[in-house]
Amino acid sequence: MNERLNARLAVEALRNGVPSKEAVAKLGSNQPRVEKKFIELLENANNPNSQGMLVSGDFGTGKSHLLTHLEQLALSHQFVCSRVSISKETPLFDMGKVFTSAMENGRIPDRQGRFIEEIAHELKPNSDEFTKLFHWAEEAANNDQLSTIFPASLKIYEQSHDLELNSEIEEFWSGERILISKIKNGLRLINQAQYFKVQAARPADLPLQRLRFATELIKTVGYQGWVVLLDEIELIGSYSILQRGRSYSEIARWMGEINEETFPGLIFVGAVTDDFASEIISPDGKKKDRDYVPAKIDLNPRYSSLVPSIKIGMNLLERRTQSLEPPSERDIRETVKTLRDLYRTAFDWEPPAQEMDIGGAGEWGRMRYKVRAAINEWDLRRLIPNYKPDITVDEFNTSYAENTDLEHSTKNYGD
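The rules we used
- Residues numbered from 1 in each chain as written.
- Predicted model: local features only at pLDDT ≥ 70, side-chain atom pairs only at ≥ 80, totals over all residues.
- Heavy atoms only, no water.
- Pairing = 2+ DSSP bridges.
- Helix = DSSP H or I, 4+ residues; strand = E, 2+ residues; numbered from the N terminus.
- Contact = heavy atoms within 4.5 Å.
- Axes fitted to C-alpha atoms, helices over the stretch in contact; angles between N-to-C directions.
- Expected span 1.5 Å × (residues − 1).
- Buried < 20%, exposed > 50% of the residue type's maximum accessible area, 1.4 Å probe, protein only.
- Arc of directions from axis to C-beta.
- Salt bridge = Lys/Arg side-chain N within 4 Å of Asp/Glu carboxyl O.
- Phe/Tyr/Trp six-rings, centres within 6.5 Å; stacked < 30°, edge-to-face > 60°.
- Lys NZ or Arg CZ within 6 Å of the ring centre and 35° of its normal.
- Parallel < 35°, antiparallel > 145°, perpendicular 65-115°, else oblique.
- Left-handed = near helix turned anticlockwise from the far one by under 90°.
- Nonpolar A, V, L, I, M, F, W, Y, C, P; charged D, E, K, R; others polar.
- Core = buried A, V, L, I, M, F, W, Y, C linked by side-chain atoms within 4.5 Å.

K.L.:
I would appreciate a short explanation of the sheet that holds strand β2 (residues 80-85) in the present structure.
P.N.:
Through backbone hydrogen bonds, the strands of a sheet pair up, either in parallel or in antiparallel fashion. The strand order across the open sheet built from six strands is β3-β2-β4-β5-β1-β6, with neighbouring strands paired in mixed fashion. Looking at strand neighbours, the two that pair on one side only are β3 (106-107) and β6 (321-323), the edges of this open sheet. Lying over the sheet, helix α15 (residues 307-319) contacts β1 (52-56), β5 (266-272) and β6, oriented at roughly 15 degrees with respect to β6.

Written as structure tokens, this is what we have:
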């Protein structure tokens, strides 16, 4: 029964073009080069010079499927993992929202609970590991890499028996606000107020500090590190010039290319369409960002300091993305064979063998369309015996038109 249910879940996900762990587990990945590079990143997770990679491919070539496969690999190697899709609600240029989404969507090996609660549950106050974390946070605060709120909150968490306050501290670690008065009262409660000079952190500094802290927190409780998978980076193309510039700077940061902003234990993988650099960044493209964005932002006193990292981010997207390999004839035949077995299990019905054109240009050369065409044909034949469907497909083209709704929705967040 479980086998049939899992098969049904996999087929339904593939029918809707949504990767699922069941579908990916059955179909695997046909990107050995990218997979090898990812394994190397996992093996060198604590090397600050090896933090991330970018992959590119056309719509329907399997970027989201690949990220799901990499997520399962990361979990099997005892990394916690977060999948984040860039969207109107989670714009790439806003580190705070991306971090919050990563915490909300975090997965932990062999655990199903809420991410921050599961991590916090593994913390062992008064242990050697907790003491090392506290000393690390204290030193980072002395070096202006963390707000003093972080070591103070750890000390309260270790010694306080106030469950409500400790819960608020967990929420602060995961991205929520906490009143400074709560921290100061907590320090007084454990007779530690005289040892901490707690001051409110600048809101703009907190997302990066939380990312640094959360990565150490994850390692403290015994996991190898934190893998963050970022999908649909191409939505940068619909941002305003300022938002695109800030997003390029964030790409440089996630990739570990900004001095003193590397995070041992953090691994980043970003997926983007293969025409993004040529259409948006290149001087020959539609928006010519390499020519316009740095010059425009250099005139803005608030953001002019980002120009060097903006150039790094654009260079990474132009020159450091790994293109997904198109499926071979063997890949397509094996995938359809596996899919046929999956469909048989899901519906207890024998799907006929498909006579398909393995090659083909444009949309028909993409694995996504091969898979969905097969499922649609089997659906129709199962429901209407002897019916032979004629399936057509419309080409999808990525739009890079600027999104004015996004501009309005983020005007109160420092843009």
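K.L.:
For this particular structure, what's the right way to read helix α7 (residues 128-142)?
P.N.:
For an α-helix, 3.6 residues make a turn, and residues three or four places apart therefore share a direction. In this model, α7 (15 residues) spans 21 Å end to end at C-alpha, consistent with the 21 Å of a helix rising 1.5 Å per residue. Taken as a whole, α7 has its buried residues at F130, L133, F134, A137, A140 and A141. One side of α7 carries all its buried residues, which in axial view fall inside an arc of 130 degrees. Opposite the buried face of α7, by more than 90 degrees, sit the exposed residues D128, K132, E139 and N142. Of the surrounding secondary structure, the elements contacted by the buried residues of α7 are α8 (149-159) and α11 (206-220). At the exit of α7 stands D144, carrying a positive phi of roughly 65 degrees.

K.L.:
How do you make sense of α8 when you look at a structure like this?
P.N.:
α8 sits mainly inside the fold: 10 of its 11 residues count as buried. Buried residues of α8: I149, F150, P151, A152, S153, L154, K155, I156, Y157 and E158, and no others. Where α8 is buried, its residues meet α6 (115-122), α7, α9 (163-173), α10 (180-189) and α11.

K.L.:
Looking at this model, I keep getting lost on the pattern of salt bridges. Mind explaining?
P.N.:
Pairing between side chains of opposite charge can happen when their charged atoms approach one another. Applying the stated rule across the entire model yields 26 salt bridges. Taking the shortest distance from any N to any O, the salt bridge between R330 and E334 comes out at 2.9 Å. On the criterion of helical spacing, the pair formed by R330 and E334 is a turn pair, its members being four residues apart in helix α16 (residues 329-347). The class of R330 is exposed, set by a relative accessible area of 62%. By relative accessible area, E334 is classed as partly exposed at 41%. In this structure, a network of salt bridges that share partners links the residues K337, R340, D341, R344 and E350.

K.L.:
Please clarify how the packing of aromatic side chains should be interpreted in this entry.
P.N.:
Two numbers describe a pair of aromatic rings. These are the distance of the centres and the angle of the planes. Summed over the entire model, instances satisfying the criterion amount to 12 aromatic pairs. Members of the aromatic cluster, each reached through a chain of ring pairs, are F150, Y157, F172, W173 and F213. Directly above the aromatic system of F134 lies the positively charged group of K155, at a separation of 4.3 Å from the ring centroid. The cationic tip of R382 hangs over the ring face of F347; the distance from NZ or CZ to the ring centre is 4.0 Å.

K.L.:
When you look at the packing of helix α1 (residues 2-15) against helix α17 (residues 367-383) in this model, what are you seeing that I'm missing?
P.N.:
Helix-helix packing is described using two parameters, namely the angle between the two axes and the distance between the axes. One way to put it is that α1 packs onto α17 with a least axis distance of 9 Å and a crossing angle of 115 degrees. For the element pair α1 / α17, the angle class is roughly perpendicular. Seen from above, α1 lies across α17 with left-handed handedness. Here α1 contributes V11, L14 and R15 to the contact with α17, which in turn contributes V371, R372, I375 and D379. When grouped by side-chain class, the residues that make up the contact of α1 with α17 number four nonpolar, no polar and three charged.

K.L.:
Would you explain the pairing of β1 in this entry?
P.N.:
The buried count for β1 comes to five of five residues, which makes it a mostly enclosed element. Bridging between β1 and β5 involves five bridges; their strand directions are parallel. The partner of L54 across the bridge, within β5, is G270.

K.L.:
Could you clarify how one ought to interpret the nonpolar core in this entry?
P.N.:
Most often, soluble globular proteins keep nonpolar side chains buried together rather than apart. Judged by nonpolar contacts, the single largest core of 77 residues is most densely connected at I119, W173, I183, W226, I233, Y248 and F276. Counting residues per element, this core draws most heavily on α11, at seven residues. Leave out the neighbours within four places in its chain, and Y248 touches I236, F276, I280, I281, D289, S309, I310, G313, M314 and L317. Judged by nonpolar contacts, the second largest core, of 22 residues, contains F38, L42, L73 and A271.

K.L.:
It is not clear to me how the side chain of R244 should be interpreted in this structure. Could you clarify?
P.N.:
Examined against the element boundaries, R244 turns out to sit in helix α12 (residues 241-254). Note on R244: relative accessible area 3%, which makes it buried. Not counting residues within four places of it along the chain, the set of residues in contact with R244 comprises I236, G237, Y239, I280, K287, D289, V293 and E402.

K.L.:
I tried to follow the environment of S101 on my own but got confused; where do I start?
P.N.:
Mapped onto the elements of the fold, S101 is located in helix α5 (residues 95-104). On the accessibility criterion, S101 (9% relative accessible area) is buried. Among residues more than four places away in sequence, those in contact with S101 are V84 and T90.

K.L.:
How should the packing of α5 against α11 be read in this particular structure?
P.N.:
Direction vectors running N to C along α5 and α11 enclose 30 degrees, while the axes themselves pass 8 Å from each other. Compared by their axis directions, α5 and α11 come out roughly parallel. Listed contacts from α11 to M95, G96 and F99 of α5 are P207, L208, R210, L211 and A214. Of the residues in the contact of α5 with α11, the class split is six nonpolar, one polar and one charged.

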